[in-house]
Amino acid sequence: MNKIPNRQAICEVLMEHAKEDRDIVVLCSDSRGSASLAPFASAFPEQFIEVGIAEQDLVSISAGLAKCGKKPFAASPACFLSTRSYEQAKIDVAYSNTNVKLIGISGGVSYGALGMSHHSAQDIAAMSAIPNMRVYLPSDRHQTRKLVEALLEDQKPAYIRVGRNPVEDIYEEDNTPFAMDKATVLREGSDVLIVACGEMVRPAKEAGEALAAEGISATVLDMYCVKPLDAETLLKYAESAKAVIAVEEHSPFGGLGSMVAQQVGANCPKKVVCMSLPDSPVITGNSKEVFDYYGLNAEGIAACAKAAIGK
Amino acid sequence: MDNLKAKAYELRKHVLDIIMAGKGGHIGGDMSVMEILVTLYFDQMNISPENADDPERDLFVLSKGHSVEALYAVLAEKGFFPYEEVLEKFSRFGSPFIGHPNNKLPGIEMNSGSLGHGLPVCVGMALASRMDGKKNRVYVVMGDGELAEGSVWEGAMSGGHYKLDNLCAVVDRNRLQISGSTEDVMSQDDQVERWKSFGWHAISVPGNDIDALHAAFEEAKATKGKPTVIIANTTKGLGSPVMENKANWHHKVPTAEEYEQIMKDLDARKEALLHE
Ligand SMILES: Cc1ncc(C[n+]2csc(CCOP(=O)(O)OP(=O)(O)O)c2C)c(N)n1
Ligand SMILES: [Mg+2]
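Note that this is a predicted model, so its numbers are computed, not measured.

Considerations on the interface of chain B and chain A
- On the side of chain A, 22 residues touch chain B, which itself brings 25 residues to the contact.
- Summing the contributions of chain B and of chain A, the shared interface buries around 1800 Å²; its carbon and sulfur component is 53%.
- When the area that chain B buries against chain A is broken down by residue, the three leading residues are F93(B), E149(B) and S179(B), summing to 31%.
- The tally of links between chain B and chain A comes to one salt bridge.
- Residues R84(A) and E149(B) are paired through a salt bridge, measuring 3.3 Å at the closest nitrogen-oxygen approach.
- By residue class, the composition of the side of chain B that touches chain A is seven nonpolar, 15 polar and three charged.

And the structure:
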């Protein structure tokens, strides 16, 4: 059982590079502990900025730093980062095109029992709707590491959402297939296509295995790059599938499912079923309880896939 | 008054049991805010389950919503719901007794949890009361770390501008937030001057002292032509040396041993107050 949450993988990569690259700056809003960034703050005090509980300030300061050549990574709970400082992300980051990487931690329903103020079920929709903003939901710590390394190489805005708890590895330490903005194909099949992102990749993968055991062949895609969506890979597998299932830890509107449906609808029309959180305050509980309740687990996904292809 | 002082310690014991039962909770801020809530609910505010729908009732918003366990203990003591129900349901799957105030529960006016919302919302409530010629008062409790949110100062500006003397804000000045001392995170040690410059009447008091809080709330009521802020200088985790003034007790479930010790300390302080 993996014990390292994705947020910790982010901290590790940033610490590895911060020594060489003095322009890397990490910013937190009383969130260094929750972001697993306390080790960075201690090791690189000159490259760490604490702004207090002020998410708008966090994002605008990051934009100012980026304008002057720094490479800021601003980390705060996804719920606050994606909504409280939304306009700062839109204007100061995306519109002004500053090299700010927004790290939304404890995303989705990670803060289950704390209620809707702490759930971020709107962040994909909100951030994706901003021109020049990219949106990434890595599935495991190995992929998170590859993603952050890739993001260190470019100069453009991005929003990354990770969950709070460690998730089971999807990939292996020395064998993590990764191409920037390209979905990772976890298995190939011709009956049904399952597309997932973030913490939903694990149950999607397991659903693919369960379906195979029943003689149903599924393609499973890890669409960590929600925006820009890898339409090429999506459509390649959608073409041959009888139905497409999109799975995400997000509201039913404007997230991965909406984008998948848009692409499939326009290019190879067929049934698309979007599995997501509901359009109501999410029931409170820990992530597993919440996922099980809404069928966002391997059994639920497999059942949904079977129903979609009439089996 | 004396029984209120002891009550604050009895309710701290309830908070501890609620947190143990739900396996989670923002214990430090619950303990620092207790006398503020007890003074408001048992000495100052015109609010009870009987008048919960009365448009003339006083209005309260816990802007530092993470201290909800303290609010549950106080609301249960007021009779809004049974204490046993809180113990049974807090933080459980599908329960309305979640980790922040939510107004599906009786006695809770507004949902909170995201810091920096309560004051501007209360400015709206105070404006509405004035428009309708009501005599009620509006109270909001904020954390000191919370004061870094810009929205707090937008609310402070409008409260001052509209001279809302029916509005009273309380700052739980426990000098700690998640990452440590407020002065290290984002310094703010001139709160009284700050609020005064925004047109508020500002009072700084020992914030775990019910007599001092009572006097401050009375002074606020008597202050006309401007809103009042009470800077309540409190101790985070108050009740036991195990948790007092410790940043890592912001959110924590005590171990079995810590629980025993804290209970013992709370009992001792309560007893002392009963026989004072
Ligand atoms: C807008 C927002 N940002 C961040 C948080 C996460 N958070 C919860 S409690 C807390 C610290 C609060 O410190 P303070 O206001 O001093 O409260 P207290 O010490 O009374 O617990 C933070 C940062 C939040 N709830 N809302
Ligand atoms: Mg504080």
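Right, picking up where we left off after that structure.
Looking at the domain arrangement of chain A
All names here are of chain A.
- Along its sequence, chain A is organised into domain 1 (6–161) and domain 2 (184–308).
- Contact with domain 1, which involves 28 residues of that partner, is made by 28 residues of domain 2.
- Taken over both partners, the interface formed by domain 1 and domain 2 buries close to 1900 Å², and the fraction arising from carbon and sulfur atoms is 60%.
- Our count for the contact surface shared by domain 1 and domain 2 stands at one salt bridge.

Notes on the nonpolar core
- Of all hydrophobic cores here, the largest spans 71 residues; its most connected members are L14(A), F40(A) and L102(A).
- Looking at which domains feed residues into this core, each of domain 1 (6–161) and domain 2 (184–308) of chain A gives three or more.
- Other than its neighbours up to four places away in sequence, F40(A) contacts C11(A), L14(A), M15(A), A18(A), I24(A), V26(A), Q47(A) and F48(A).
- Counting residues in hydrophobic clusters, the runner-up holds 61 residues, among them L62(B), Y72(B), V141(B) and F217(B).

Cut-offs used in this document
- Residues numbered from 1 in each chain as written.
- Chains lettered and ligands numbered in written order.
- Predicted model: local features only at pLDDT ≥ 70, side-chain atom pairs only at ≥ 80, totals over all residues.
- Heavy atoms only, no water.
- Contact = heavy atoms within 4.5 Å.
- Buried area = accessible area lost by both parts, 1.4 Å probe.
- Salt bridge = Lys/Arg side-chain N within 4 Å of Asp/Glu carboxyl O.
- Nonpolar A, V, L, I, M, F, W, Y, C, P; charged D, E, K, R; others polar.
- Domains from an automatic or database assignment.
- Core = buried A, V, L, I, M, F, W, Y, C linked by side-chain atoms within 4.5 Å.
- Buried < 20%, exposed > 50% of the residue type's maximum accessible area, 1.4 Å probe, protein only.

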